[in-house]
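# Reading the structure
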Amino acid sequence: MHWYNLIIRRCLLLLCFLALLWISVPAAAQEDDRAWSSLLEQWAEQNESETVPDDVVEQLQEFLENPININDTLSDELSLLPFLTDFQRTVIRAYITQNGPMASPNELFLLNGFDSVTLQLLLPFVCTEPVDATKHLTLRQMLHDGRSNLRIGSKTVRPLSRAYNEDIYEGSPFRLYFRYKFSYGNRLSLQLSGDKDAGESFHNQSPIPGFDYYGYHLMFNDFGIVRRAIVGKYQLQFGQGATLWSGYAPWMTGSMPLWRYGQGIRPASAFCEYGYLRGAATTLRIIPSLELTLFYSHVRRDATESSYGDDSILCFQSIYNSGYHRTENEISKEDRLTEQLFGGHLQYREGNLSLGATAFHTQLANPLIPVSYPYNIYAFSGQRLSNGGVDFTYRIRRLLLFGEAAVSADDSSTAVRRTSGLCPMAAVAGMQLHLNANNNISVAYRYGSPTYHNLHSNTIGQSSSTQNEEGVAFYFSTRLPFYILLQGSADFFRYPWMRYRVYSPSSGVEYRLLLSKELMRFTTLSCQYRYKASQRNSDGQLYSIEDIRRQQLQLSLDYDHNSWRLLSRAVFSLFDCDDHSSQHGLLLFQEATYRATRLSRPFSLGVRLALFNVSGYDARIYTYESDLMYEFAVPMLTGRGVRGYFIYRHELGPRLSVAFKYAVSYYPDSESIGSGYDLIASDRRHDIKVQMRYRF
């Protein structure tokens, strides 16, 4: 009873706090990270990870600074916004074609298929300007009229963890970073960045001494037959991800459908320390309907040395993807394995039809020989790997059909793989049907053979690898009576072969449901429910698996208008399985943000107070927090405690701005926080972040 009484008292305090905030609501103007907070929170919760992709936020930030001109119907930039459907983009283009250029972004309210939530997300990223198709730009003009943006920042945690007190980490407990970018709209982009994570030292092992990681690229768009060209660190995204897709790959988060838009060549994010390509790539417009993309990459990957194979040949057992180089062991993995990659992509577009073909070859300087476990008997082993595939997209009025098929060939010497009889292939096929402006349905099938090998693919699915998964996913969105928005999805999946911690073929299902209602102007009530059932090894029984089930219910009340945003939320989680007792979790938080944008030097201030009680790790709850640019916070909450923060941003002038965030976590029942090297011998943890931005 004590636990329930404690929760009831805290709920009453939270409601009182909420009531006081609502009484004080005035009116003014807006803008913070509202545009992507829900997107990243859903991504982190779906992937059960505190690490969220920084490249999608970086791209959205670029669009905030340089909004997309929706009157430019020849541009495909609207396709880069992950919360817009293909149908909505088609509606915008059709409206402009029939009625001429829009005079204001507010005309979007007149279009079918746009609910208030989508418009709230969209409006900060778009503008309406005349399109001058005859204007010819020279490189000198772009260099003269371009904009520069420099951002530097630092982060630290107090008290110091065990790794610093015992001198295990090589460097200081501060994260330090910078990013400089020069750009002219979407035509020219030059970027240089550096990053040193907390615990890393300024060392001389990198080709350029100083920061542990450097990012850089130079990119041109639309110069004669050159549609895009890039030198430096970049990503490649084609088709539906079965053949070649690196970088951020969203699916089934929020209102995003199952079909993906492949961006082709795009810059790697400023602080992406793994998975990127480095070299040169270009897309050439052969004829108006035919484009050819050529690419070459030469990059050194972090890798863990292997004790298997021929002793006379240096081998590696796995690619190390954390990006951390703090301890002797982590530093020993840095830049150990050289990877070369080259290939091309041919794209044909005519009317409503799009056809593509991709082929590339990957060459490793040393063999990759994974540790021999039953679950990874089909894992890639060798030095050479070739991949090829074809993809298509075809629109018939309101019906969109899409698909991709890919195969792999490598020098793997695994006898089991050779005799398995399984074709090393992957495939995705699906459709989107927009019945009308308020109703749409998506269905997608995916398959990845246990013998399919690809170091740079990412399709829709439950796992991070295209290999060893088959499933069917459904998504729908509809408008119920009383203007209630209903979104739902179901994913039925199975794994033909073993996986990590699942030493048997297994299967599962995931359901998601979202109900959203605009109670009054600028006030939205939403309810989200998620159910996922899967399987894992039973404790003490190596080849016996148990069913596990995880449920989560989230209720949110969101007021966002003019100067104020108030967000109240309650999250309930429940975990149960066959062989253990159930676990439960509860999170309550109140958040308030004030934005004074009408002042000559605008500022914003945000605060949050969160109370949580989670009985076990399997019932953990993830919640997104507003943060500074390039600092993403989706803390995983377990145990019983309180977490609060405030974040302050201030424009000191037309060119200079600063930001600061302070967060504290308090666990009254614990004498320490964290584990391993990150163990803090205290019941409190303090996070401090500062950042400065200069535009010129």
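Since the model is a prediction, treat every value here as computed from it, not as a measurement.

Calculation criteria
Residues numbered from 1 in each chain as written. Predicted model: local features only at pLDDT ≥ 70, side-chain atom pairs only at ≥ 80, totals over all residues. Heavy atoms only, no water. Helix = DSSP H or I, 4+ residues; strand = E, 2+ residues; numbered from the N terminus. Buried < 20%, exposed > 50% of the residue type's maximum accessible area, 1.4 Å probe, protein only. Contact = heavy atoms within 4.5 Å. Areas by Shrake-Rupley, 256 points an atom, 1.4 Å probe, with all protein chains shown as cover. Expected span 1.5 Å × (residues − 1). Salt bridge = Lys/Arg side-chain N within 4 Å of Asp/Glu carboxyl O. Phe/Tyr/Trp six-rings, centres within 6.5 Å; stacked < 30°, edge-to-face > 60°. Lys NZ or Arg CZ within 6 Å of the ring centre and 35° of its normal. Patch = residues over 30% accessible without salt bridge, like charges linked within 9 Å, V, L, I, M, F, W, Y side chains within 5 Å. Pairing = 2+ DSSP bridges. Core = buried A, V, L, I, M, F, W, Y, C linked by side-chain atoms within 4.5 Å. Polar contact = N/O pair within 3.5 Å; in protein donor to acceptor, adjacent residues only side chain to side chain. pLDDT = per-residue confidence, 0-100.

## Digging into the overall build of the protein chain
- Helix and strand counts for the protein chain come out as nine helices and 31 strands.
- For the protein chain, the residues scored as buried account for 54% of the 696 residues in total.
- If you take every contact in the protein chain between residues at least 6 apart in sequence, the share linking residues at least 24 apart comes to 62%.
- On the protein chain, roughly 31,000 Å² of surface is accessible, and the fraction owed to carbon and sulfur atoms is 58%.

## Describing helix 4 (residues 86-99)
- An ideal rise of 1.5 Å per residue puts 20 Å on 14 residues; helix 4 measures up with 20 Å between its terminal C-alpha atoms.
- When helix 4 is considered as a whole, its buried residues turn out to be Asp 86, Phe 87, Gln 88, Arg 89, Val 91, Ile 92, Tyr 95 and Ile 96.
- Note on helix 4: the residue one or two positions beyond its end, Gly 100, has a positive phi of about 90 degrees.

## A short note on the pattern of salt bridges
- Within the structure shown, the criterion is met by 31 salt bridges.
- Residues joined in a network through salt bridges with shared partners are Glu 625, Asp 627, Arg 643, Lys 661, Arg 685, Asp 687 and Lys 689.

## Thoughts on the side chain of Ser 657
- Examined against the element boundaries, Ser 657 turns out to sit in strand 30 (residues 656-666).
- Ignoring anything within four residues of it in the chain, the contact list for Ser 657 reads His 650, Glu 651, Leu 652, Gln 691, Met 692, Arg 693 and Arg 695.

## Side note on the packing of aromatic side chains
- Taken as a whole, this structure holds 26 aromatic pairs when the rule is applied.
- Ring pairs connect the aromatic residues Phe 178, Phe 202, Phe 211 and Tyr 214, which therefore count as one cluster.
- One residue, Arg 175, lies across the ring of Phe 271, its end atom 5.3 Å from the ring centre.
- Just above the ring of Tyr 276 sits the side chain of Arg 301; from NZ or CZ to the centre is 5.9 Å.

## Notes on a nonpolar patch on the surface
- On the surface, a cluster of nonpolar side chains totalling about 410 Å² of accessible area is made up of Tyr 348, Leu 355, Phe 392, Tyr 394 and Ile 396.
- In terms of residue count, the dominant contributor to the nonpolar patch is strand 15 (residues 382-396) (three residues).
- Along the chain, Tyr 348 falls in strand 13 (residues 337-350).
- Note on Tyr 348: relative accessible area 31%, which makes it partly exposed.

## Side note on the pairing of strand 18 (residues 439-448)
- Pairing geometry for strand 17 (residues 425-436) and strand 18, over ten bridges, is antiparallel. By the bridge assignment for strand 18, Val 428 is matched with Arg 446.
- Where strand 17 hands over to strand 18, the hairpin turn is made up of two residues, counted between the paired strands.
- Note: strand 18 against strand 19 (residues 469-480), nine bridges, orientation antiparallel.

## What about the pairing of strand 6 (residues 213-223)?
- Strand direction decides the pairing type here: strand 5 (residues 188-196) and strand 6, joined by eight bridges, are antiparallel. For Gln 191, the partnering residue across the bridge sits in strand 6 and is His 217.
- Hairpin connection between strand 6 and strand 7 (residues 226-237): a loop of two residues separates the two successive antiparallel strands, and Gly 224 in this loop has a positive phi of roughly 65 degrees.

## Notes on the nonpolar core
- Ranked by size, the top nonpolar core spans 23 residues in total, and within it Leu 78, Leu 81, Phe 83, Leu 108, Leu 111, Phe 114 and Leu 122 carry the most contacts.
- Here the element with the most residues in this core is helix 4; it accounts for five residues.
- When sequence neighbours within four positions are dropped, the list of residues in contact with Leu 111 reads Val 91, Ile 92, Tyr 95 and Met 102.
- Counting residues in each nonpolar core, the second largest holds 16 residues, with Cys 577, Leu 587, Phe 612 and Ile 680 among its members.

## Some details on the environment of Ser 672
- Structurally, Ser 672 is set in the loop between strand 30 and strand 31 (684-695).
- The exposure class assigned to Ser 672 is partly exposed, which follows from its relative accessible area of 34%.
- Considering only alpha carbons, one finds Ser 672 and Arg 685, 13 residues apart in sequence, at a separation of 9.4 Å.
- Ser 672 has contacts with Leu 679, Ile 680, Ala 681 and Ser 682, leaving out every residue within four places of it along the chain.

## So, the environment of Arg 549
- Following the sequence through the fold, Arg 549 ends up in strand 23 (residues 541-561).
- In this structure Arg 549 comes out as partly exposed when scored by relative accessible area, which is 22%.
- Considered as a pair, Arg 549 and Ala 533 are 16 residues apart in the sequence and their alpha carbons are 4.4 Å apart.
- If sequence neighbours within four positions are ignored, Arg 549 has contacts with Tyr 531, Lys 532, Ala 533, Leu 574, Phe 575, Asp 576, Cys 577 and Asp 578.
- Of note is the side chain of Arg 549, whose polar atom sits 2.8 Å from the side chain of Asp 576.

## Side note on the environment of Ala 357
- Assignment of secondary structure puts Ala 357 in strand 14 (residues 353-368).
- Of the residues examined, Ala 357 reaches a relative accessible area of 34% and is grouped as partly exposed.
- Residues Ala 357 and Gly 239, spaced 118 residues apart in sequence, show a C-alpha to C-alpha distance of 8.6 Å.

## Details of the confidence of the model for the protein chain
- Averaged over all residues, the pLDDT of the protein chain equals 85, while 86% of them reach at least 70.
- Predicted confidence for residues 1-8 stays below pLDDT 50, and this span has four contacts to residues more than four positions away or in other chains.
- Predicted confidence for residues 10-32 stays below pLDDT 50, and this span has 42 contacts to residues more than four positions away or in other chains.

## What about unusual backbone geometry?
- Following Arg 158, the chain continues to Pro 159 via a peptide bond in cis, the omega torsion being -5 degrees.
- Phi is positive for Asn 468, which is not a glycine, with a value near 60 degrees.
- Take Asn 468: it is sitting in the loop between strand 18 and strand 19.
- We note that Phe 522 has phi near 75 degrees; this positive angle belongs to a residue other than glycine.
- Note that Phe 522 resides in the loop between strand 21 (506-520) and strand 22 (523-538).
- According to the relative accessible area criterion, Phe 522 is partly exposed, its value standing at 25%.

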